[in-house]
Amino acid sequence: MNHFRFTDLIHTHSSARIEETADTLLINRYDLLFHEVTATNLVEIDEEGQRKHGNDHLRVNFAGCNIHSAIHKARPDVKFVIHTHTRAGAAVSAQAKGLLPISQQAMMFHDAVGYHDFEGFVLSREERTTLARDLGMNKALILRNHGLIVVGRTVAEAVNRIYNLERACEIQIAAQSGNTPLVVPAHSIQAHLGAQADAQIQLDIEQMAWEACLRLIENEGTDYRL
């Protein structure tokens, strides 16, 4: 996330479910930049967004905990959730038509993106319900006037999804800046690519890409395992 600049100072978050421990999630600590996050400074929270016993002294983003825990609770199949506030993602979230099927990356999310209307900082218990409802069984959720969320059954799936969704938003903003009509593939082509994105071969490719990402940050000397 830090390498690809999918960051907003200390204000966005990623989470993971600990399968060995019931009702336990990991989320990044609020006061750290993304390049400072390591295995041992992650914070344990539960599916209600509360810090687990022994973590009370650690700082957390309560809006972030609310968002992530609500999604994990509603979607037991989801092991990883990533949320971003990038310029391109926030720009697309503010557009009435949302994500446009004008790039290969965007069409990988064909019929698999939900939209959630802006309600301010996500601090209320009531918004947990509407977040889960608007995500449904989709791969991604666009938070209107806010940013992007993706979910994944594996870390490889989640990381590839946020990478492709961010690129799709960047391409959309760049294409719109050309002040010329956009080419939109036929609905049948969009659906075809959406199905291809869910094929087993694509999951294998995502795993290779995840392993490449690990090599990338390891070659930079990042000691994230500490």
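A brief structural summary. (Residues numbered from 1 in each chain as written. Predicted model: local features only at pLDDT ≥ 70, side-chain atom pairs only at ≥ 80, totals over all residues. Heavy atoms only, no water.)

1. Focus: the nonpolar core
- Counting 22 residues, the largest nonpolar core has Leu99, Phe109 and Leu165 as the members making the most contacts within it.
- At the level of elements, helix 2 (87-93), helix 3 (104-107), strand 6 (140-143), strand 7 (147-152) and helix 5 (155-176) are the ones that each hand at least two residues to this core.
- A per-element tally of this core places helix 5 first, with six residues.
- Leucine 165 has contacts with Leu99, Phe109, Ala140, Leu148, Ile149 and Val150, leaving out every residue within four places of it along the chain. (Core = buried A, V, L, I, M, F, W, Y, C linked by side-chain atoms within 4.5 Å. Buried < 20%, exposed > 50% of the residue type's maximum accessible area, 1.4 Å probe, protein only. Helix = DSSP H or I, 4+ residues; strand = E, 2+ residues; numbered from the N terminus. Contact = heavy atoms within 4.5 Å.)

2. Brief notes about the sheet that holds strand 5 (residues 113-116)
- Taken in spatial order, the seven strands make up an open sheet running 3-2-1-4-7-6-5, and their pairing is mixed. Two strands close off the open sheet at either side, each with one partner strand: strand 3 (43-45) and strand 5. Direction aside, neighbouring strands of the sheet carry axes that sit 20° apart on average.
- Where helix 4 (residues 126-135) meets the sheet, it contacts strand 5, strand 6 and strand 7, and its direction lies at approximately 150° from that of strand 5.
- Across the sheet, helix 5 is in contact with strand 4 (80-84), strand 6 and strand 7; its angle to strand 7 comes to roughly 150°. (Pairing = 2+ DSSP bridges. Axes fitted to C-alpha atoms, helices over the stretch in contact; angles between N-to-C directions.)

3. A look at the packing of helix 1 (residues 62-74) against helix 4
- Contact geometry for helix 1 and helix 4: axes closest at 9 Å, N-to-C directions at 55°. Classified by the interaxial angle, the pair formed by helix 1 and helix 4 is oblique. Handedness of the crossing formed by helix 1 with helix 4: right-handed. Facing Asn66, Ile67, Ser69, Ala70, Ile71, Lys73 and Ala74 of helix 1, the residues of helix 4 in contact are Arg128, Leu131, Ala132 and Leu135. (Parallel < 35°, antiparallel > 145°, perpendicular 65-115°, else oblique. Left-handed = near helix turned anticlockwise from the far one by under 90°.)

4. Quick look at the side chain of lysine 139
- One can find lysine 139 in the loop between helix 4 and strand 6.
- Side chain to side chain, lysine 139 and aspartate 198 meet in a polar contact 2.9 Å long.
- Leave out the neighbours within four places in its chain, and lysine 139 touches Met108, Phe109, Ala112, Ile149, Val150, Val151, Arg161, Gly194, Ala197 and Asp198. (Polar contact = N/O pair within 3.5 Å; in protein donor to acceptor, adjacent residues only side chain to side chain.)

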